[in-house]
Amino acid sequence: MRKATGFAGMVVALGLTAAAPGALASQSRLDSAWQFLARGRYGDAEDAFRREMERGSREAARGLVLTLREVGRYPEAASVARRAELWLLLGRVLLDQGRTDQADSAFRQALNQGRADSLQAELQLAVLELERGNHAVAMGLFDRFVDFYNRGLARTSEDLAAVAAAARFLGRSDPQLFKDALRVYDEAIAADSGNTAAWLELGEMFLEKFNGTDARATFEALLRRNPRQPGALYGLARVARFEGSREAEGLVRRSLEVNPNLARARALLAEILLDRGSLDDARVEAGRALSVNPREVDALAVLGAVLLFSGDETGLEALERQVTALYPRDARFYARLAEIAARSRRYDRAVALASKGVQLDPQAWRAYAVLGINQLRLGQMAEGRANLERAFAGDPYDPWTKNTLDLLDVLDRYSVRDAGRFRLAADSSEAELLYLYLADLAIEAYDSLRARYGADLPVPVRVELYSRHADFSVRTVGLVGLGALGASFGPVIAMDGPSARPAGEFHWASTFWHELAHSFHLRLSEYRVPRWFTEGLAVYEERRARPGWGANVTPDFLLAFKEGRLRRVGELDRGFVEPEYPEQVLHSYYQASLICELLAAKHGPEVFRRMLGGFRAGKSTEVVLREVAGTDLAGLQREFEQYVRTRFGLALSSISAGGGADRPARSPAEAIAVAASRPGDFLAQLAAGKVLWDRGEKGRAEGYLLRARELFPQYGGKDSPYWYLARLYRERGELERAASELGRLTELDASHYEAWLELAAIKETLGDLRGAISALEQALYVYPFEAHVHVKLAELAARAGDWGRAIRERRAVVALGPTDMAEAEYQLARAYFEAGEVEAARRAVLRALERAPSFREAQELLLAIRAARREDGSG
């Protein structure tokens, strides 16, 4: 859009008379050209500006430079700017190409001419001083802009935007100035809403402060004016990436369609490809960005990551020397490379890289944050906190830093206990209870996985169980909203504790086993294992640990397989990070586990250790498969498809999305009609059985449920036919049949809490004491916070003479803090006494009597304890 001050300047420069009819006609044509540019009609804008340039219009030259720059035709734009002596624009175009020395000369020319844009030229010179490492000089120059503003010398939108930019840079030393920058950007936009650069800089500042909402609103406001504005499309792509949206790649490619030489957009595309595991494609895109602008920091960081992930340490060292020569005191390269390394679980390298960044620039607050976060991931708690404190002091507007420091305050209140090779941290109100179960489970899991993989982990392994899912999410990604249950950083495991989610929503014990398996995989591969392989292998290890642990097959998985919606093996990593439909992440876990089952069945479980060794050597999945399994990605894909067809043949044939069977029925009549017309459709049979069950017609439901179970016997979901049939048979008094159905169900889905409790009750009624005990034990791995379950298990254990288990369960009841604590302590004392642990019994019964001095049963037990102590000579 044409600027009024710019137009007045043109009139003087060209010696035109404003009232002349020719000038008015020329201005009308220029207005049209500016409108073309503002709306993204770049071809029309170029033609219009060129025509006016032929008539001697300097303003048209300015418009042409802006148009050519917007579409990435930088050499042409520079040529026009140089001929028209548009020194500020020339300098900016030269910066787009990384030609800083020539840009410096152009900005000095603009400054020396003293034109309206001299303030903007001074800003650019200050930025160049900062990039050269002359921080004191740069800060002094930036500080002058505060004076310009306070004295009212920044009058135009462009000058106000320059003041705002200077305030952003000054925010390195005084973070309160970020608020001033925001205010002055608003003033700049209010002065001229067509100031595209001000909008873009404002959106970038929001992103720097992790404010995706306002960044999106800013870029979308620009795109409503010009749907093809490349900088806004790039900015919106960054927002989408920040939000985890699949839109990011499409947006950045749209940006590059308009401006194929927008180096920062090319670098973003390279990073997207890198995260996808496409190292060669990422290298190409980063190279394209650097061919335009050899100083593009994000492209240099992506190239560094490609070298790191390829194992080319010599190349990485050479690149570091190159970057240091370009930016002698700038930490951005190291901070960005450290972030990328951490996303690929190279936490140790992230720490080393971020450390180099803060050594170069002691005010690189983002680098301090990246350093601190990754030190915490490695269990370096004191060092991590110290660096996060430094980061927060320098930039208190970074929510990643603030959230993590708040989390550390929460962790300070957690109870930390050592258990063999583990250090367990849990909410103090839950730690005593969880320790009773996790300590033994952790030792069992470690011994099993160590024997399997022939390796040890650095000890102690720190395990953090969070009572709030939001805290776990912050620990993992710095922000709330993560959908996962657990995360392994290698020496540190963080996960939801069982109280973080409703009863029966997840299996905390199998989640721990899964994450510990990851720690072994990371260790053996030196953190180079592909995402799909470690996830699939961890689920496979869950299933090896106990029946029903780990993900199992579902109707929607089989339907996705039939419809070809699962990711192919060669791009399975994308199923975890770029899901194409809502269930694809869960499907990818299960798909990867089936691939691991297939590999183990064909080559033996030792194949996994060899594959991890191949990844440790820096080999690609294709090479590892060829060397270890004698196949390639295409071959493994064919084998996987055949494996699924063979294993789930009947179930596959019974799954269909048609006929309305995959949605809730509108009425029993409709459900029955669909089931009658589709006798081989699992979903139709299940739907009919469920709707009849809900209406209380359980006898009629049985036939449909039996048919559904026959069609898909591997299905163990919460609405599995096994669950309905078990309850039906129990109501009829057919307890053996009910127990059989529940046994099958829990073998498929060990997270079905209610099924375990039902099975325990039935087993007890049938006189199967050991079966009842086992069922309740498994229920506690799902949800250990119901006191009545512990009481029942303690009673069953006592009846079985299993006093060790009875003691543990009575301790669990005490840990839960029941209302009648005296009774809980008394029952614990009884268990100790029956087990022959007289001293422990004495301490427990005394605690009971402290709470209830007249508690007759406790008094009698104390007398019995004293008698026993006299007999054995201990009291």
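Just so we're clear, the structure is a prediction, and the values are computed from it rather than from any experiment.

### Some details on the overall build of the protein
Along its length, the protein carries 47 helices and five strands. Accessible area of the protein: about 35,300 Å², with a carbon and sulfur share of 50%. Considering the protein, the positive charge centre built from 118 side chains and the negative charge centre built from 122 side chains are found 3 Å apart.

### Some remarks on the packing of aromatic side chains
Scanning the entire structure with this criterion turns up 32 aromatic pairs. With a centroid separation of 6.1 Å and 85 degrees between ring planes, the pair formed by Tyr347 and Tyr527 is classed as edge-to-face. With Tyr347 in helix α21 (residues 347–360) and Tyr527 in the loop between α27 (508–525) and α28 (531–545), the pair connects residues that are 180 residues apart, well separated along the chain. Across this residue pair, the class does not change: Tyr347 and Tyr527 are buried. Residues Trp693 and Tyr724 carry aromatic rings whose centres are separated by 5.4 Å and whose planes lie at 75 degrees to one another, so their mutual orientation is edge-to-face. With Trp693 in helix α37 (residues 682–694) and Tyr724 in helix α39 (residues 721–732), this pair connects stretches of sequence that are 31 residues apart. Each member of the pair, Trp693 together with Tyr724, is buried. Through pairs of rings, three or more aromatic residues link up here, namely Phe422, Tyr446, Tyr453, Phe512 and Phe520. It is Lys209 that lies over the ring of Phe178; its NZ or CZ is 3.7 Å from the centre.

### Observations regarding the domain arrangement of the protein
If you check the domain split of the protein, you get domain 1 (23–115), domain 2 (416–654) and domain 3 (786–875). Measuring from the centre of the C-alpha atoms in domain 1 to the corresponding centre in domain 2 gives 56 Å.

### Quick look at the nonpolar core
Counting 290 residues, the largest nonpolar core has Phe142, Phe512, Leu516, Phe533 and Phe608 as its most contacted members. In terms of residue count, the dominant contributor to this core is helix α25 (residues 431–453) (13 residues).

### Re the pairing of strand β5 (residues 492–496)
The side chains of a regular strand alternate between the sheet's two faces. For β5, a buried count of five out of five residues is recorded, marking the element as mostly surrounded by other parts of the structure. Side-chain alternation along β5 places Val492, Ala494 and Asp496 on one buried face and Ile493 and Met495 on a second face that is also buried. The pairing of strand β3 (residues 461–466) with β5 spans five bridges and is parallel. Along β5, the bridge assignment pairs Glu464 with Ala494. Both strand β4 (residues 486–488) and β5 contribute to a ladder of three bridges, which runs antiparallel. Paired with Gly486 across the two strands is Met495, which belongs to β5. Where β4 folds back on β5, the antiparallel hairpin that results is connected by three residues, among which Gly490 adopts a positive phi of roughly 105 degrees.

### Some details on the pattern of salt bridges
For the structure shown, the criterion picks out 94 salt bridges. Where Arg808 meets Glu809, a salt bridge forms, and the shortest distance between an N and an O atom there is 2.8 Å. The residues Arg808 and Glu809 share a single accessibility class, namely buried.

### Let's talk about the packing of α27 against α28
At their nearest, the axes of α27 and α28 sit 8 Å apart, and the two run at 130 degrees to each other. Judged by the inter-axis angle, α27 sits oblique to α28. You can see that α27 and α28 cross each other, and the crossing is right-handed. Residues Ser510, Thr511, Trp513, His514, Ala517, His518 and His521 of α27 touch α28, and the partners they reach there are Thr534, Glu535, Leu537, Ala538, Val539, Glu541, Glu542 and Ala545. Residue composition of the contact of α27 with α28, by class: six nonpolar, six polar and three charged.

### Overview of unusual backbone geometry
Of note, the amide linkage connecting Val459 to Pro460 takes the cis form, showing an omega dihedral of 0 degrees. Mapping Pro460 onto the fold places it in the loop between α25 and β3. Not every positive phi belongs to a glycine, and Glu85 is a case in point at roughly 55 degrees. For Glu85, the position within the fold is in the loop between α5 (74–83) and α6 (87–96).

### Notes on helix α44 (residues 803–815)
The end-to-end C-alpha distance of α44 is 18 Å, a good match for the 18 Å that 13 residues give at a rise of 1.5 Å each. Where α44 is buried, its residues contact α25, α42 (769–780), α43 (787–799) and α45 (821–834). Backbone geometry just after α44 places Gly817 at a positive phi near 65 degrees.

### What about the environment of Ala81?
By the secondary structure assignment, Ala81 is in helix α5. In this structure Ala81 comes out as buried when scored by relative accessible area, which is 0%.

### Details of the packing of helix α22 (residues 365–377) against helix α24 (residues 399–412)
For the pair α22 and α24, the least separation of the axes is 10 Å and the interaxial angle reads 35 degrees. Considering the relative orientation of α22 and α24, their crossing is left-handed. Contacts between α22 and α24 pair Arg366, Ala369, Val370, Ile373, Leu376 and Arg377 from the former with Trp400, Thr401, Thr404 and Leu408 from the latter. Across the contact of α22 with α24, the residue classes tally to six nonpolar, two polar and two charged.

### Things to note about the pairing of β3
Here β3 lies mainly inside the structure; six of its six residues are buried. Sheet analysis places strand β2 (residues 422–427) next to β3, joined by five bridges and oriented parallel. Bridge pairing links Ala426 to Leu465 in β3.

### A few points about empty space enclosed by the protein
As enumerated under the stated definition, the model contains three cavities of 30 Å³ or more in all. By volume, the largest cavity is sized at about 80 Å³. Ser415, Arg417, Leu424, Ala425, Ala426, Ala431, Leu434, Tyr435, Leu438 and Leu465 are the residues that line the largest cavity. Elements supplying a minimum of two residues to the lining of the largest cavity: β1 (414–419), β2 and α25. For the lining of the largest cavity, the element with the highest residue contribution is α25, accounting for four residues. Tallied by class, residues from the lining of the largest cavity come to eight nonpolar, one polar and one charged.

### A few points about helix α32 (residues 606–616)
Because an α-helix packs 3.6 residues into every turn, residues spaced three or four apart end up facing the same way. Turning to α32, its buried residues are Val607, Phe608, Met611, Leu612, Gly613, Gly614 and Phe615. Residues of α32 that are buried sit in contact with α25, α27, α28, α31 (584–603) and α33 (621–629). Looking at the residues trailing α32, positive phi occurs at Gly618, about 85 degrees.

### Looking at the confidence of the model for the protein
Do not read the predicted coordinates in detail wherever pLDDT is low. Across the protein, the average pLDDT comes to 94, with 95% of residues at 70 or higher. Segment residues 1–20 is flagged for pLDDT under 50; beyond a separation of four residues in sequence, or across chains, it makes 27 contacts in the model.

### Observations regarding the side chain of Ser525
Tracing the sequence through the fold places Ser525 in helix α27. When residues no more than four places from it in sequence are discounted, the contact partners of Ser525 are Leu612, Phe615 and Arg616.

### Re the side chain of Gln584
Mapped onto the fold, Gln584 is located in helix α31. A distance of 2.9 Å separates a polar side-chain atom of Gln584 from the backbone nitrogen of Glu580.

### Points about the environment of Leu861
With respect to the helices and strands, the residue Leu861 is situated in helix α47 (residues 856–871). Sequence separation of Leu861 and Asn387 is 474 residues, and the distance between their C-alpha atoms is 56 Å. Those residues in contact with Leu861 that sit more than four places away from it in its chain are Tyr826, Ala829, Arg830, Phe833 and Val845.

### A few points about the sheet that holds β1
Spatial strand order, β1-β2-β3-β5-β4: five strands in an open sheet with mixed pairing. Two strands bound the open sheet, and with one partner strand each, they are β1 and β4. Mean inter-strand twist for the sheet, computed between neighbouring axes without regard to direction, equals 15 degrees.

Reading the values: the criteria
- Residues numbered from 1 in each chain as written.
- Predicted model: local features only at pLDDT ≥ 70, side-chain atom pairs only at ≥ 80, totals over all residues.
- Heavy atoms only, no water.
- Helix = DSSP H or I, 4+ residues; strand = E, 2+ residues; numbered from the N terminus.
- Areas by Shrake-Rupley, 256 points an atom, 1.4 Å probe, with all protein chains shown as cover.
- Lys, Arg positive; Asp, Glu negative; His and termini not counted.
- Charge placed at Lys NZ, Arg CZ, Asp CG, Glu CD.
- Phe/Tyr/Trp six-rings, centres within 6.5 Å; stacked < 30°, edge-to-face > 60°.
- Buried < 20%, exposed > 50% of the residue type's maximum accessible area, 1.4 Å probe, protein only.
- Lys NZ or Arg CZ within 6 Å of the ring centre and 35° of its normal.
- Domains from an automatic or database assignment.
- Core = buried A, V, L, I, M, F, W, Y, C linked by side-chain atoms within 4.5 Å.
- Pairing = 2+ DSSP bridges.
- Salt bridge = Lys/Arg side-chain N within 4 Å of Asp/Glu carboxyl O.
- Axes fitted to C-alpha atoms, helices over the stretch in contact; angles between N-to-C directions.
- Parallel < 35°, antiparallel > 145°, perpendicular 65-115°, else oblique.
- Left-handed = near helix turned anticlockwise from the far one by under 90°.
- Contact = heavy atoms within 4.5 Å.
- Nonpolar A, V, L, I, M, F, W, Y, C, P; charged D, E, K, R; others polar.
- Expected span 1.5 Å × (residues − 1).
- 1 Å grid on protein atoms, 1.4 Å probe; cavity = no way out; pocket = protein on both sides within 12 Å on 5 of 7 lines; lining within 4 Å.
- Points joined across faces, edges and corners; volume = space filled by probe spheres on them.
- pLDDT = per-residue confidence, 0-100.
- Polar contact = N/O pair within 3.5 Å; in protein donor to acceptor, adjacent residues only side chain to side chain.

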